Amino acid sequence: MNRLGVSSYSLVVSVAAILAFLLLSTGAQASVITAQGLEAPVADAGDDITIVVGDTIRFDGTGSIDDVGITNYTWNFTYEDEMQLLYGSAPEFEFLTVGTYEVTLRVTDADGHNDTDILAVVVEGNFLMKYWPFLLLGALVAVVIFQLFRSSRRKEFVSPKLVARYGVLTALTAAVTMATFVPFAPTKGYFNLGDSIVFFSALTFAWRAGGICGGFGSAAADILLGSGYFAPLTLLAKGSEGVVCGFLGRIRGGHRYAVVLGIVAGGACMVLSYFVGELLLLNVGWGAALAEAAGNTLQVAVGGTIGALLAFSVKKAYPALASE
Amino acid sequence: MVMFIDLYTEANTFLHRLDPRVKIVAVLLLSVLAFLMTNLYSLLLLLSFIFLLLFLSRAKWSKTYFALKFVLRLMLLIVVLWPFFDRTGTPILLDFGPVQITEPAIWRGVTSALRVGCLASVWYILMFTTSQRDLVLALVRFGLRFDYGLTIAVSLRFFPTFVSTIDSITDAQKARGLVFAQGGLLERSKKYVAVLVPAVVSALRMADSLSLALQSRAYGARFDRTYLRQLKMQAKDYVALVVVVTLLVLPMIAKYVYSVPI
């Protein structure tokens, strides 16, 4: 009984000793791992980069080293006055603003040690990319001026009939733009029927009259009403509306379908020109540009209907036109 | 509601006395400057400069408001709608799933609206201080053909005439029982056909008699015609031109040579 008791005692002790050894050895092993992880990682953000504006940059932090492995890459820089944080060993970012950016890479390993490296990103402006809407408008204006000067060498005058007609139609477009308003539409608060005179001129007197009275008449209305900054855009939008409608609307002597085609195509030119111009040139943002496009579409639909009605009924009311 | 106001206000300030060509160039250069600026504060500075000039040109506030009315609507639209379509930036103020409003987006909207305000109000300097006759003369002196200039002058001359013609036709149709303030959008617009047909016919009659008047006054007899009023650049015009060019060039140098964000 006693002998059994001793032996069971020694058994307990030896089991305890084995357990203690096992525990100790594991502990030792654990302390060895901790000793390895004491080394901090070494961050490497890669070489400095120079790109042109609008390019997407791919950062590369894979050159960073650590003995147990990096668990977190954080890229940090100020872009357009805001703190930017990117995560991952190779994140991407699109730089749309010219400037020199100091990008800080912070790598963290499994044990919370970290290291930083700084990378300079130089974003250079690409003239064409940044200013192409201006260049496009500039080119169009240059073509118009070139045409004006080319025609200015012509040694004959515009006939008095045409001077009077274009002048009067331009004035009429501007006047109708101002004097007729239909208080409706969610965006404009009101909208005008100026388009109806543009369509009328284009359908009755062909594309040149449509372009001149549409473009210059509406632009003049803009300037006289105090929205001069809109005038170049209006010149393009309403001018193209008149020219396109004058071309297409008079196919086969102004056939019904041609008139509809001309008004739809001309109206599309106007809505699109305003939309693209407001978005790219005036930078009004998607919200305002879309709201304006919706209002313009409505205006063209109503203006086109009335313009077609005018083209038919004025021919009846003023027979002198029929001889044109 | 709508009645014609000639923005030009008769006065005798230095802006009125300035050569119209200098004023046209100044408006264009200041517009370019507004496009260059991306900073909220520089745009505010430019706007206050423009309003200082307007104040100096003794612009009537009722006219300024009349002209600004159309611009204010667009500016309001930009400020309100911009943040819904621009979701970049870090301090997020509001987050409703697809709608996410951030603080920098709001400021970008305000900046863009201010730029539109600058671009609009800079024209008032020209329009408030230059008569239409001088504007056409300046364009002709810039190299526009005289007959094109005449077309512009004709349209400017007849613009107020047609506005009042349309008004009186509208009144006449109202007296015959046409009610404009009733019905839906299309119905209301269709009622204007009854105004527009007589207006167009009277305009075309006007064009016919005008062309006879032009012929009877020997229009187109000589290419080298002379003018009653001559534009001549004086010392003060050159000074103003230099000042305006400097106003554009200095910020341009700051922005593109020294990379100062303006």
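Residues numbered from 1 in each chain as written. Chains lettered and ligands numbered in written order. Predicted model: local features only at pLDDT ≥ 70, side-chain atom pairs only at ≥ 80, totals over all residues. Heavy atoms only, no water.

Undergrad: Let's hear about the overall build of chain A: which residues, and what values?
TA: If you tally the helices and strands in chain A, you get seven helices and nine strands. For chain A, the proportion of its 324 residues judged to be buried stands at 45%. Here the analysis covers contacts within chain A between residues at least 6 apart in sequence; of these, 64% occur between residues at least 24 apart. Summing over all exposed atoms, chain A offers an accessible surface of approximately 16,100 Å²; the carbon and sulfur share of this is 66%. (Helix = DSSP H or I, 4+ residues; strand = E, 2+ residues; numbered from the N terminus. Buried < 20%, exposed > 50% of the residue type's maximum accessible area, 1.4 Å probe, protein only. Contact = heavy atoms within 4.5 Å. Areas by Shrake-Rupley, 256 points an atom, 1.4 Å probe, with all protein chains shown as cover.)

Undergrad: An account of the overall build of chain B is needed here, citing residue identities and associated values.
TA: On a plain count of helices and strands, chain B comes out with 10 helices and two strands. When the elements of chain B are put in sequence order from the N terminus, they spell out α-α-α-α-β-β-α-α-α-α-α-α. For chain B, the proportion of its 262 residues judged to be buried stands at 48%. Considering only contacts within chain B whose residues lie at least 6 apart along the sequence, 70% involve residues at least 24 apart. Counting every atom, chain B has about 13,600 Å² of accessible surface; 67% of that belongs to carbon and sulfur.

Undergrad: So what about a negative patch on the surface? Which residues, and what values?
TA: A cluster of acidic side chains, namely D44(A), D47(A), D48(A) and D60(A), defines a negative patch on the protein surface. With respect to the helices and strands, D60(A) occurs in the loop between β2 (56-58) and β3 (70-79). (Patch = residues over 30% accessible without salt bridge, like charges linked within 9 Å, V, L, I, M, F, W, Y side chains within 5 Å. Salt bridge = Lys/Arg side-chain N within 4 Å of Asp/Glu carboxyl O. Lys, Arg positive; Asp, Glu negative; His and termini not counted. Charge placed at Lys NZ, Arg CZ, Asp CG, Glu CD.)

Undergrad: Before we move on, could you go through the interface of chain A and chain B and cite the residues and values that matter?
TA: The interface of chain A with chain B comprises 74 residues on the first partner and 73 residues on the second. Three residues, F157(A), L224(A) and Y229(A), lead the burial of chain A against chain B; their summed loss comes to 12% of the area buried on that side. On inspection of chain A and its partner chain B, the count reaches two salt bridges. Among the ionic pairs, R108(B) bridges to E82(A), the shortest N-O distance being 3.7 Å. Connecting chain A to chain B are one residue pair in polar contact (both at pLDDT 80 or more). Of all the secondary-structure elements, those providing two or more residues to the side of chain A that touches chain B are β4 (82-87), α2 (127-152), α3 (160-179), β8 (181-182), α4 (194-224) and α7 (285-317) of chain A. It is α3(A) that provides the largest number of residues to the side of chain A that touches chain B, a total of 16 residues. Residues belonging to the side of chain A that touches chain B are distributed by class as follows: 50 nonpolar, 15 polar and nine charged. (Buried area = accessible area lost by both parts, 1.4 Å probe. Polar contact = N/O pair within 3.5 Å; in protein donor to acceptor, adjacent residues only side chain to side chain. Nonpolar A, V, L, I, M, F, W, Y, C, P; charged D, E, K, R; others polar.)

Undergrad: Report on the packing of α3(A) against helix α9 (residues 193-216) of chain B, specifying residues and quantitative values.
TA: Contact geometry of α3(A) with α9(B) gives a least axis separation of 8 Å together with a crossing angle of 145°. The element α3(A) and its partner α9(B) pack so that their crossing is right-handed. Residues P160(A), K161(A), V163(A), A164(A), R165(A), V168(A), L172(A) and V176(A) of α3(A) touch α9(B), and the partners they reach there are L196(B), A199(B), V200(B), A203(B), A207(B), L210(B), S211(B), L214(B) and Q215(B). A class-by-class count of the residues in the contact of α3(A) with α9(B) yields 13 nonpolar, two polar and two charged. (Axes fitted to C-alpha atoms, helices over the stretch in contact; angles between N-to-C directions. Left-handed = near helix turned anticlockwise from the far one by under 90°.)

Undergrad: How would you summarise the packing of helix α2 (residues 20-36) of chain B against helix α6 (residues 132-141) of chain B if you had to cite specific residues and measurements?
TA: Angle between the axes and distance between the axes: these two values describe a pair of packed helices. All names here are of chain B. As a packed pair, α2 and α6 sit with axes 9 Å apart at the nearest point and diverge in direction by 85°. On the basis of the axis angle, α2 is roughly perpendicular to α6. Contact residues: α2 offers P20, R21 and I24, while α6 offers D134, L135, A138 and R141. When the residues that make up the contact of α2 with α6 are grouped by side-chain class, the tally is four nonpolar, no polar and three charged. (Parallel < 35°, antiparallel > 145°, perpendicular 65-115°, else oblique.)

Undergrad: Explain unusual backbone geometry to me, and be specific about the residues and the numbers.
TA: Of note, A206(A) is a non-glycine position whose phi angle comes to about 70°, a positive value. Positive phi values are uncommon outside glycine, yet A218(B) reaches one of about 60°. Inspection of the secondary structure assignment puts A218(B) in the loop between α9 and α10 (235-256).

Undergrad: If you had to explain the sheet that holds β4(A) to someone new, which residues and values would you point to?
TA: All names here are of chain A. Taken in spatial order, the five strands line up as β1-β7-β6-β3-β4 in an open sheet, and their pairing is mixed. If you trace the sheet from one side to the other, it starts and ends with β1 (49-52) and β4, each paired once. Going from strand to strand, the sheet's axes swing by 25° on average, the running direction of each strand aside. Relative to strand β6 (residues 99-109), β3 runs antiparallel, the two being bridged by six bridges. (Pairing = 2+ DSSP bridges.)

Undergrad: Lay out the environment of I152(B) with the relevant residues and their values.
TA: Residue and element names in this part refer to chain B. For I152, the location among the structural elements is in helix α7 (residues 146-175). Residues I152 and L135, 17 residues apart in the sequence, show an inter-C-alpha distance of 9.9 Å. Setting aside residues no more than four positions away along its own chain, I152 makes contact with V136, L139 and L144.

Undergrad: Talk me through a nonpolar patch on the surface; I want residue IDs and the actual numbers.
TA: Residue and element names in this part refer to chain B. The grouping of V245, V249, L250, M252, I253, Y256, V257, Y258 and V260 at the surface amounts to a nonpolar patch, some 810 Å² of accessible area in total. Take L250: it is sitting in helix α10. The class for L250 is exposed, based on a relative accessible area of 54%.

Undergrad: Tell me about the packing of aromatic side chains, and name the residues and values.
TA: In total, this model carries 14 aromatic pairs over all chains according to the counting rule given. Ring centres of F200(A) and F205(A) lie 6.3 Å apart, and the angle between their planes is 85°; on these two criteria the pair is classed as edge-to-face. Summarising the burial analysis for this pair, F200(A) and F205(A) share the class buried. Here the aromatic rings of F158(B) and F162(B) are separated by 5.9 Å at their centres, their planes lie at 25°, and the arrangement is stacked. Of this pair, F158(B) and F162(B) both sit in helix α7, four residues apart, roughly one helical turn. Looking at F158(B), the relative accessible area reads 10%, which means it is buried. Here a set of aromatic residues connected by ring pairs shows up, and it is made of F59(A), W75(A), F77(A), Y79(A), F93(A), F95(A) and Y101(A). Looking at R256(A), its charged tip hangs above the ring of Y257(A), at a distance of 5.8 Å from the centre. Between R157(B) and the ring centre of F158(B), over which it is positioned, the NZ or CZ distance is 5.0 Å. (Phe/Tyr/Trp six-rings, centres within 6.5 Å; stacked < 30°, edge-to-face > 60°. Lys NZ or Arg CZ within 6 Å of the ring centre and 35° of its normal.)

Undergrad: Could you give an account of the side chain of T129(B), with specific residues and numbers?
TA: Relative to the assigned elements, T129(B) resides in helix α5 (residues 103-129). Not counting residues within four places of it along the chain, the set of residues in contact with T129(B) comprises Y8(B), L15(B), H16(B), K23(B), S57(B) and Y124(B).

Fair warning: the whole summary comes from geometry, so function is off the table for now.
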